[in-house]
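A structural walkthrough
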Amino acid sequence: MSSNTLAKTAPAAAGPPAETGEAPRIVRRPRTGQWLAAAVVLVLLALAAHSVIRNDAFQWDVVADYFTSASVLRGLGLTLWLTALVMALGFALGTLLAVMRLSANPVLRAVSWGYVWLFRSMPILVQLLFWFNIGALYPHILGIRTVDLFGPVTVAIIGLTLHEAAYAAEVVRGGVLSVDRGQIEAAQALGLSRFRRWWRIILPQAMRSIVPPAGNMLIGTLKGTSIVSVIAVQDLLYSVQLVYHRTYQVIPMLLVATIWYVVVTSLLSAGQFYVERHYARGSERTR
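Below, the structure is looked at part by part.

Conventions and cut-offs
- Throughout, residues of each chain are indexed from 1 in the direction in which the sequence is written.
- Only residues with pLDDT of 70 or above have their local features reported here, since the model is predicted, and side-chain atom pairs are shown and tallied only from 80 upward, although totals for entire chains, interfaces and linings are computed over all residues.
- Side-chain numbers come from the whole structure's heavy atoms, not from hydrogens or water.
- Helix and strand labels come from DSSP, where a helix needs a run of H or I of at least four residues and a strand needs a run of E of at least two; each type is numbered from the N terminus.
- Surface accessibility follows the Shrake-Rupley procedure with a 1.4 Å probe radius. Residue values consider only the protein chains on display as shielding.
- Helix axes are fitted to C-alpha atoms over the stretch in contact, other axes to C-alpha atoms as well, and angles between N-to-C directions run from 0 to 180 degrees.
- If an angle is under 35 degrees, it is roughly parallel; if it is over 145, roughly antiparallel; if it lies from 65 to 115, roughly perpendicular; otherwise it is oblique.
- Handedness of each helix crossing follows the sense of rotation of the near helix against the far helix: counterclockwise by less than a right angle gives left-handed, clockwise gives right-handed.
- When checking whether two residues touch, look at their non-hydrogen atoms; a contact exists if any pair is within 4.5 Å.
- Three residue categories are used. Nonpolar comprises Ala, Val, Leu, Ile, Met, Phe, Trp, Tyr, Cys and Pro, charged comprises Asp, Glu, Lys and Arg, and polar comprises the others, including Gly.
- A pair of Phe, Tyr and Trp rings is counted when the ring centres sit within 6.5 Å of each other, with Trp represented by its six-membered ring. The angle between the planes then sorts it: under 30 degrees is stacked, over 60 is edge-to-face, the rest tilted.
- Burial classes: relative accessible area under 20% of the type maximum marks a residue as buried, over 50% as exposed, and values in between as partly exposed (1.4 Å probe, protein chains only).
- Cavities and pockets are defined on a 1 Å grid built over the protein atoms alone: a cavity is a set of grid points where a 1.4 Å probe fits but cannot escape, while a pocket is an open set with protein on both sides within 12 Å along at least five of seven lines, and lining residues are those with an atom within 4 Å of any such point.
- Grid points are joined across faces, edges and corners, and a volume is the space filled by probe spheres set on the points.
- Within this scheme, the nonpolar core is defined by two criteria: the residues are buried Ala, Val, Leu, Ile, Met, Phe, Trp, Tyr or Cys, and they are joined through side-chain atoms within 4.5 Å.

1. As for the overall build of the protein
- Within the protein, the regular secondary structure consists of twelve helices and two strands.
- Start at the N end of the protein and walk to the C end: the helices and strands fall as α-α-α-α-α-α-β-β-α-α-α-α-α-α.
- As displayed, the protein offers around 18,800 Å² of accessible surface, 64% of which is attributable to carbon and sulfur atoms.

2. A few points about the packing of helix α4 (residues 70-101) against helix α12 (residues 250-279)
- At a minimum axis separation of 12 Å, α4 and α12 run at an interaxial angle of 40 degrees. Regarding the angle of α4 to α12, the classification is oblique. The handedness of the crossing between α4 and α12 comes out as right-handed. Note on element contacts: α12 touches α4 through Met-253, Val-256, Trp-260, Tyr-261 and Val-264, opposite Val-72, Leu-73, Leu-76, Thr-79 and Leu-80.
- Among the residues forming the contact of α4 with α12, the class breakdown is nine nonpolar, one polar and no charged.

3. Digging into the packing of aromatic side chains
- Under the definition given, this model contains six aromatic pairs.
- Between Phe-58 and Trp-60, the aromatic rings sit 5.8 Å apart at their centres with planes inclined by 20 degrees, giving stacked as the arrangement.
- Accessibility expressed as a relative area gives 33% for Trp-60, which makes it partly exposed.
- Measuring from centroid to centroid gives 5.2 Å for Phe-273 and Tyr-274, while their planes differ by 75 degrees, and the two rings are edge-to-face.
- Note on Phe-273: relative accessible area 39%, which makes it partly exposed.

4. Overview of the packing of α4 against helix α11 (residues 236-247)
- Interhelical geometry of α4 versus α11 gives an angle of 160 degrees and a closest axis separation of 7 Å. The angle between α4 and α11 places the two elements in the roughly antiparallel class. The element α4 and its partner α11 pack so that their crossing is right-handed. Contacts from Ser-71, Val-72, Gly-75, Leu-76 and Thr-79 in α4 reach Leu-236, Ser-239, Val-240 and Val-243 in α11.
- The residue makeup of the contact of α4 with α11, split by class, is five nonpolar, four polar and no charged.

5. What about the layout of surface pockets?
- Roughly 340 Å³ of internal volume is contained in the largest pocket.
- Taken together, 17 residues make up the lining of the largest pocket; nearest its centre are Phe-91, Met-207, Val-211, Ala-214 and Gly-215.
- Elements with a contribution of two residues or more to the lining of the largest pocket: α4, α10 (194-224) and α12.
- Ranked by residues supplied to the lining of the largest pocket, first place goes to α10 with seven residues.
- The volume enclosed by the second largest pocket comes to roughly 270 Å³.
- In this structure, the second largest pocket is lined by Leu-102, Val-176, Leu-177, Val-179, Arg-181, Ile-184, Gln-188, Arg-194, Arg-197, Trp-198 and Ile-202.
- Top contributing element to the lining of the second largest pocket by residue count: α10, with four residues.
- Partitioned by chemical class, the residues of the lining of the second largest pocket number seven nonpolar, one polar and three charged.

6. Quick notes on the nonpolar core
- One finds Val-72, Leu-236, Val-240, Met-253, Val-256, Trp-260 and Tyr-261 to be the most contacted residues of the largest nonpolar core, which totals 17 residues.
- Where this core is concerned, the elements lending two or more residues are α4, α11 and α12.
- Looking at this core element by element, the count peaks at seven residues for α12.
- With near-sequence residues (within four places) excluded, Val-72 lies in contact with Tyr-66, Phe-67, Leu-236, Ser-239, Val-240, Met-253, Val-256 and Trp-260.
- Core analysis: the next-biggest nonpolar cluster, separate from the first, contains 16 residues, Ala-98, Val-172, Val-176 and Met-217 among them.

7. Some thoughts on unusual backbone geometry
- The phi torsion at Gln-59 lies on the positive side, around 55 degrees, for a residue other than glycine.
- Within the secondary structure, Gln-59 is located in the loop between α2 (32-54) and α3 (60-66).
- Positive phi outside glycine occurs at Ala-232, with the angle close to 65 degrees.
- Structurally, Ala-232 can be placed in the loop between α10 and α11.

Here you go:
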């Protein structure tokens, strides 16, 4: 048999399959369990919503009547004012404490550390009650009776501010430490003063790390102001308490306060998102 005949009768050599020009089709695995779990969750949420809406014990008509009443709005205004003032004073004092903690002076570092340790160790309710009864220790201050000098609102401002400053100090200190050391050395090489280094170089970069926990602190302070009701400060919670002590409509009045807290907290969360996005410009973390 000739070589030509062997070539014709031999099977063709195995090779790569001919390309058809079509991309391989990716078949996703079925996610039956996830869809089943989502369906169960939606059913439970629907049942819960139906129970809340259709339950006459919630007295939604009473909630609607008192939601924008004058007393509730006055309490809400005091809550917002107290939150803004405490955050401003708390972060001002906290920034000073953070600078002291980062100082090369051991006395300043020790004082800052001691302040943060003390006020983070004491519950906020204990601090408020302590300042509310400060007249037992100092009946007169500068010739004025302490009970006349420290009213409920003043006590609330002092107690909340000192408490928030301890946490704000750690937030600011963590943000400053997150700034690359090379940035600070470059500012020093340019001959910038200490104040300009802090204001123009360090703080703008530190804000990327400061804003998220500061936003959480703001929301926490908003809700935490409700504790001042124990010293008769007429905030939002105390205002609804005055109503249900008179009408005995406890659940609907608590719902009024809850809905207002949810509305304001949602607005603050939205604002925090845009502030974070503003300070994240030019970095890899843009969202």
